[in-house]
Amino acid sequence: FKDIYLRQFILKLLFILFASNASAKNMICNFEEVYKNGQIQQGFFLLKDKELRYEYTNHDLYKIFFLNEKIFVIENQNPSKFQELNTEGSVIPIIFDIYKDFPNFKKKYHKKGYKILVEKNNNNFIKRLSIQSSRVNVSIYFIDCISEEINEKYFRIKPVSEYVRN
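Values in this document were obtained by computation on a predicted structure and should not be read as measured data. (Residues numbered from 1 in each chain as written. Predicted model: local features only at pLDDT ≥ 70, side-chain atom pairs only at ≥ 80, totals over all residues. Heavy atoms only, no water.)

Undergrad: Report on the nonpolar core, specifying residues and quantitative values.
TA: Phe31, Phe45, Tyr54, Tyr56, Ile64, Ile140 and Phe142 are the most contacted members of the largest nonpolar core, which has 29 residues in total. Only strand 1 (26-35), strand 2 (40-48), strand 3 (51-56), strand 4 (62-67), strand 5 (70-75), strand 8 (114-120), strand 9 (126-132) and strand 10 (137-146) provide two or more residues apiece to this core. At 4 residues, the largest contribution of residues to this core is made by strand 1. Ile28, Phe65, Phe155 and Tyr163 belong to the second-largest nonpolar core, a separate cluster that totals 13 residues. (Core = buried A, V, L, I, M, F, W, Y, C linked by side-chain atoms within 4.5 Å. Buried < 20%, exposed > 50% of the residue type's maximum accessible area, 1.4 Å probe, protein only. Helix = DSSP H or I, 4+ residues; strand = E, 2+ residues; numbered from the N terminus.)

Undergrad: An account of the sheet that holds strand 1 is requested, with residue identities and associated values reported.
TA: Taken in spatial order, the 10 strands make up an open sheet running 6-5-4-3-2-1-10-9-8-7, and their pairing is antiparallel. In this open sheet, the two edge strands, each paired with only one partner strand, are strand 6 (82-85) and strand 7 (108-111). Geometrically, the sheet is characterised by an average inter-axis angle of 20° between neighbouring strands, direction not taken into account. Summarising the sheet, strand 1 and strand 2 pair through 9 bridges and their orientation is antiparallel. Across the sheet, residue Asn30 finds its bridge partner in strand 2, namely Phe44. (Pairing = 2+ DSSP bridges. Axes fitted to C-alpha atoms, helices over the stretch in contact; angles between N-to-C directions.)

Undergrad: An account of the packing of aromatic side chains is needed here, citing residue identities and associated values.
TA: Overall, the coordinates contain 8 aromatic pairs when judged by the stated rule. Between Phe45 and Phe142 the ring centres are 5.9 Å apart and the planes differ by 85°, which places this aromatic pair in the edge-to-face class. Pair noted here: Phe45 is in strand 2 and Phe142 is in strand 10, with a separation of 97 residues, a long-range link. Here the aromatic rings of Phe72 and Phe82 are separated by 6.0 Å at their centres, their planes lie at 70°, and the arrangement is edge-to-face. Pair noted here: Phe72 is in strand 5 and Phe82 is in strand 6, with a separation of 10 residues, a long-range link. When its relative accessible area of 11% is taken as the criterion, Phe72 is described as buried. Classification of Phe82 by relative accessible area gives partly exposed; the value is 31%. By way of ring pairs, the aromatic residues Phe31, Tyr54, Tyr56 and Tyr62 are connected into one cluster. (Phe/Tyr/Trp six-rings, centres within 6.5 Å; stacked < 30°, edge-to-face > 60°.)

Undergrad: Describe unusual backbone geometry, listing the residues and the values that go with them.
TA: For the peptide bond that leads from Lys158 to Pro159, omega is -10°, which places it in the cis range. A positive phi is found at Asp144, a non-glycine position, where the angle reads about 55°. Structurally, Asp144 can be placed in strand 10. In this structure Asp144 comes out as exposed when scored by relative accessible area, which is 54%.

Undergrad: Hey, could you go over the pairing of strand 3 for me, with residue numbers and the actual values?
TA: Among the 6 residues in strand 3, 6 count as buried, and that is most of the element. Burial of strand 3 is two-sided: the residues Glu51, Arg53 and Glu55 facing one way and the residues Leu52, Tyr54 and Tyr56 facing the other way are all buried. Two strands pair when backbone bridges link them, and strand 2 and strand 3 are joined in this way by 6 bridges, in the antiparallel orientation. Bridge pairing in strand 3 links Lys48 to Glu51. Hairpin remark: strand 2 followed by strand 3, antiparallel, with 2 residues in the connecting loop; positive phi at Asp49, about 50°. In the sheet, strand 3 pairs with strand 4 via 4 bridges, with the strands oriented antiparallel. Bridging from a neighbouring strand, Glu55 pairs with Lys63 of strand 4. Between strand 3 and the antiparallel strand that follows it, strand 4, lie 5 residues.

Undergrad: A description of the pairing of strand 9 should follow, citing residues and the corresponding values.
TA: Within a regular strand, side chains alternate between the sheet's two faces. Burial analysis of strand 9 places 5 of its 7 residues in the buried class, the great majority of the element. As judged from the 6 bridges shared by strand 8 and strand 9, these two strands associate in the antiparallel manner. Among the inter-strand pairings, Lys115 is bridged to a residue of strand 9, identified as Gln132. Count of turn residues in the strand 9/strand 10 antiparallel hairpin: 4 residues.

Note that every value here comes from positions in space, so none of it alone points to a role or purpose.
Written out as structure tokens, the structure is:
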């Protein structure tokens, strides 16, 4: 699970930023991660109450689930194989510091070696996150986000139900 701890940080940050939006209890978004080296990863995420599914469309990558305050990673190639990740780490204080600003997020944060930029669209919804550090430089774009009821089966890890967006 290459760079899984970075992706774990991104997942937690997304969860805090989107879950805190009271008008968006259920959210479906496509995303595009653009790295400084030109690499691009695409996928979608599903958010329902306090559950999150962050899934890469690349068959060689994985799905990340945030369920009951636990993080699970499931390979796209082998959905029966999953791993629970430790949720403790130095990024948690960063997330809580940012969360304190809700709903008035700053445009720029500097925390523990990370520079995080938050860009919103005209609807005050997050359009882009930029996360920069000595280890990573990534922008995440949120595309075609809609608020829609999501079936609970898409948040189960045994078995994983494939989600296809209409």
